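Close look at the chain arrangement
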Amino acid sequence: MTAPADPRRSMALLIGTSTYESEKLSPLPAVGNNLNALAAALRDSRTWGLAQDRCLVLRDVREPGDVLLELLRVAREPLDTLLVYFAGHGLIDPTANELVLATTRTTATEPRLTGLHYPTVRSVLRSRRARRLLVVLDCCFSGRAVDVMADPSSVVVGQLPIEGTYILASTDAVTPGKATGEDQYTAFTGGLLQVINGGVPGGRPFLTPGDLFHHTRDLMVGRGWPQPTQCHEDTIRELPLMRNLWKTAGRWLAGRGSPGATAPPHVPDRTGGVDASDLVVGAHIGVSAIRPRYGPGSHDSLAVLDAAIAGEDSRWLPGMELVRDVMTAMRREYGDGAATAAIVTGDLLSGVHSSVAAGAPWQEVTGRIQEQAEAVRHWLGDPAGDGEPAVEDLERALATALGDLPEAALVMSAIAHVGSDRVEITTGAAAELSVVSGLALDTAVLVPNAAARPVTFYEPYVLVAPEGAVPVEELQHIGWHSPAPLLIIAPRIDSYTVSALYRLFARTIAVVRPTDPAVDWPALCARAGDTLLPGHPLARASAALITPASTTITALPGTSPSGTGHVLVHAGPPGASGHSGAVRALTVARAAARFGVRAGGGATLYRAGRALGSPYRTGRPARVGGGRGAEPRLALHDGLLRTALAAPVRQLIRNTGQDPDAMTPLLDAALTDLALGFECEVGAVTDLCAAGVLDPVATLRGVVENATAAVSRYAATF
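Procedures and definitions
Residues numbered from 1 in each chain as written. Predicted model: local features only at pLDDT ≥ 70, side-chain atom pairs only at ≥ 80, totals over all residues. Heavy atoms only, no water. Helix = DSSP H or I, 4+ residues; strand = E, 2+ residues; numbered from the N terminus. Contact = heavy atoms within 4.5 Å. Areas by Shrake-Rupley, 256 points an atom, 1.4 Å probe, with all protein chains shown as cover. Buried < 20%, exposed > 50% of the residue type's maximum accessible area, 1.4 Å probe, protein only. Axes fitted to C-alpha atoms, helices over the stretch in contact; angles between N-to-C directions. Parallel < 35°, antiparallel > 145°, perpendicular 65-115°, else oblique. Left-handed = near helix turned anticlockwise from the far one by under 90°. Expected span 1.5 Å × (residues − 1). Salt bridge = Lys/Arg side-chain N within 4 Å of Asp/Glu carboxyl O. Phe/Tyr/Trp six-rings, centres within 6.5 Å; stacked < 30°, edge-to-face > 60°. Lys NZ or Arg CZ within 6 Å of the ring centre and 35° of its normal. Pairing = 2+ DSSP bridges. Core = buried A, V, L, I, M, F, W, Y, C linked by side-chain atoms within 4.5 Å.

The next thing to look at is the overall build of the protein chain. A count of helical and extended segments in the protein chain gives 24 helices and 27 strands. Contacts in the protein chain between residues far apart in sequence, at least 24 positions, make up 77% of those at least 6 positions apart. Within the structure as shown, the protein chain displays about 28,000 Å² of accessible surface, and the carbon and sulfur contribution to it stands at 53%.

Laid out in structure tokens, this is it:
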């Protein structure tokens, strides 16, 4: 089990802006309340217990640079866990379509020049020394911070390749947040505080970032507010972050989630305007459009649903949009599993609605499903002892998810070079995809002398000068005819040289010195090449990010990528099929690499459902559903989740023309063999692992989490 976040070696930086000099940005008095309440919650010894000087609060800072300096300071601390929180206005930079966090001086007309550019924040945090990083953003369009890693329309995907990074955003990339002058807190932070201070009924003794996200999301959708989004690197989503304050959380530890530990579920607010029956019927219509084509193939299930939505009666649209939200969340977070989650959601909603219509209290039904979903998540668990899957298993997981998608092969070739965490998807106008190397160095900034803030060069020249000798005369011709920023990598440089080049290169020059004493200068020269200036290692890069401690150069031509650098996959313009396919492939591969793989084709979900309340053992550390040695007593609605988790494999069997009722007994006869399942290609039960039909564990858990979140949205209609 992952060790809990150590409060003695952890830190939180809470940033909030409630007042603004610009008249176009309305004041947000609730932000001040956010900071007070969240600081108190994190300092509470019953939750995380951070010391006063380890939970820092920045209020209404005017200059973005002052915030960056504080971020740099905390980023340099050798911490166990660093939490960074921001609340305030979020704006969109129209020139780059990127998120800007507003400070007191920020203007709506020039956000990038007057605000806190999120890519710069990300770059600072990228070089942090903390073992694990959590970023919480409560602002409009905060999902753009998540989409930098996961959305096909983003400029660069995967720009946080740090072990243990988690982003929790209050809304998606296009939706404003919710905060009014009458609210004590903003909507998202208010929900987050309710989860922290009230705990999670039936939950584990410690809350993880994933717990905070899923239970806050349930509160948000239950009240009809914007849905938060998440993105995570490595296993940090399961980090035991703070204690669960639910008064009977200790009983879960002793009883392992037994049926007797039922807690009164949250009663959501009324939303008005949506009928529960209409919602379920709409969801059924949406899922029915997906079912016939479910299985191996290259069709896009989201496109199928969109086509069905376009031609449907408006009465059923809320239910169909609910299914679409589930599918979109799966695509964004895991790259796959959208159709599987839709089918599980459809069956689960139908079962819940039937139970409630038959007289079962809806609070009891939804509460029991949440308990069982938590049990299934633990049964799926992390692949303890399995280690990172082999490259062959990653390829099989990609093939299972995406078929013969050409972009998947390209992404896998990049992963084979440097691993999944060091691959990035970027835009490019080229019709064909290409893999080029990037370069990351630990450096000290020599010029400008006082560069304490990150500097970004776009399309710079990069010159490597191992002896500090710069060919000024040779560079004059290039500088006059093609002015652009110039980055020099050298151990030293004289001021005359800098002055001579200052006007030539658009008045933008930086000189950095590698701090690694064993730096391989010949290799750096080879990476730059000498095609632009014969005899001198000079190259043109796509971009360069220079911070006080590191320099990252992207799209630098040269030798093949090494295991210490990054690989950029140029995938065409945002929204193009090649770009979208590459994004999905990388997302699937990362999910498989970090959490392992299991038998696909619905087989693992089927067994997880059968484990609810069944007496057989699976080799897992803990069995789900009931006390040891006895079959628990099942209520009428206890089998709803179990039935829903069986729906995907039954649909696969049905789509091959066979009878699910005749085939599933073969699966029941071998419940302890986790590799067996139904293979569509042969139309029989076989060893799916040997056949290469694999699903990432993270994707399977996402199916359960998103389907049960849809139940909370259904409950909000009462």
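On we go from here.
The next subject is the environment of Leu 666. Residue position: Leu 666 is located in helix 22 (residues 660-668). Look at Leu 666 and you get partly exposed, because its relative accessible area is 48%. C-alpha of Leu 666 to C-alpha of Gly 677: the two residues are 11 residues apart in sequence and 9.0 Å apart in space.

Where helix 11 (residues 317-334) meets helix 24 (residues 697-715), the closest approach of the two axes is 10 Å, and the angle between their N-to-C directions is 155 degrees. In terms of axis orientation, helix 11 runs roughly antiparallel to helix 24. Helix 24 is crossed by helix 11, and the crossing has right-handed handedness. Only Ala 698, Thr 699, Gly 702, Val 703, Glu 705, Asn 706, Ala 710 and Arg 713 of helix 24 make contact with helix 11, whose side of the interface consists of Pro 318, Leu 322, Asp 325, Val 326, Ala 329, Met 330 and Tyr 334.

This part takes up helix 14 (residues 391-402). When the terminal C-alpha atoms of helix 14 are compared, their 16 Å separation across 12 residues agrees well with the 16 Å that a helix rising 1.5 Å per residue should span. Packing partners of the buried residues in helix 14 comprise helix 15 (406-418), helix 19 (577-595), strand 24 (597-599) and strand 27 (694-696). Count one or two residues on from helix 14 and you reach Gly 403, which has phi positive near 70 degrees.

Moving on to the pattern of salt bridges. All chains considered together, the criterion is met by 24 salt bridges. Its salt-bridge partner being Arg 331, residue Asp 300 comes within 3.2 Å of it at the nearest N-O pair. With Asp 300 in the loop between helix 9 (276-290) and helix 10 (301-310) and Arg 331 in helix 11, the pair connects residues that are 31 residues apart, well separated along the chain. For Asp 306, the salt bridge goes to Arg 324, with nearest N and O atoms at 2.5 Å.

In this section: helix 4 (residues 118-126). Burial runs high along helix 4: eight of the nine residues are buried. Turning to helix 4, its buried residues number three or more, namely Tyr 118, Pro 119, Thr 120, Val 121, Arg 122, Ser 123, Val 124 and Leu 125.

The final tally for this structure, using the stated rule, is zero aromatic pairs. The ring centre of Tyr 461 lies 4.4 Å from the NZ or CZ of Arg 540, which sits over that ring.

Looking at the secondary structure, you find Arg 368 in helix 13 (residues 362-380). For the pair formed by Arg 368 and Asp 638, sequence separation is 270 residues and the distance between their alpha carbons is 7.1 Å.

Overall, mixed pairing links the eight strands, which are arranged 16-21-22-15-19-18-17-20 in an open sheet. Strand pairing shows two members of the sheet lacking a second neighbour, strand 16 (455-458) and strand 20 (538-540), which therefore form its edges. Averaged over all pairs of adjacent strands, the angle between strand axes in this sheet comes to 30 degrees, irrespective of strand direction. Each of strand 15 (439-447), strand 18 (486-489) and strand 19 (509-514) is contacted by helix 17 (residues 495-502), which is oriented at about 145 degrees to strand 19, the strand it contacts most.

Let us now look at the sheet that holds strand 6 (residues 116-117). The strand order across the open sheet formed by three strands is 4-5-6, and the pairing between neighbours is antiparallel. Two strands lie at the open edges of the sheet, namely strand 4 (90-93) and strand 6, each paired on one side alone.

Quick look at the packing of helix 11 against helix 19 now. Axis separation between helix 11 and helix 19 bottoms out at 7 Å; the angle between their running directions is 75 degrees. By the angle between their axes, helix 11 is roughly perpendicular relative to helix 19. Contacts from Arg 331, Arg 332, Glu 333 and Tyr 334 of helix 11 reach helix 19 at Arg 584, Thr 587 and Val 588.

What follows is about the nonpolar core. Judged by nonpolar contacts, the single largest core of 59 residues is most densely connected at Met 327, Leu 348, Val 352, Val 376 and Tyr 714. Filtering out sequence-adjacent residues up to four positions away, Val 352 remains in contact with Val 365, Ile 369, Leu 640, Val 711 and Tyr 714. Core analysis: the next-biggest nonpolar cluster, separate from the first, contains 41 residues, Leu 35, Ala 37, Leu 38 and Ala 39 among them.

Moving on: unusual backbone geometry. Located in the positive-phi region is Asp 60, a residue other than glycine, with phi close to 45 degrees. Within the secondary structure layout, Asp 60 lies in the loop between strand 2 (55-59) and helix 2 (64-75). Take Asp 60: its relative accessible area is 29%, and that puts it in the partly exposed class.

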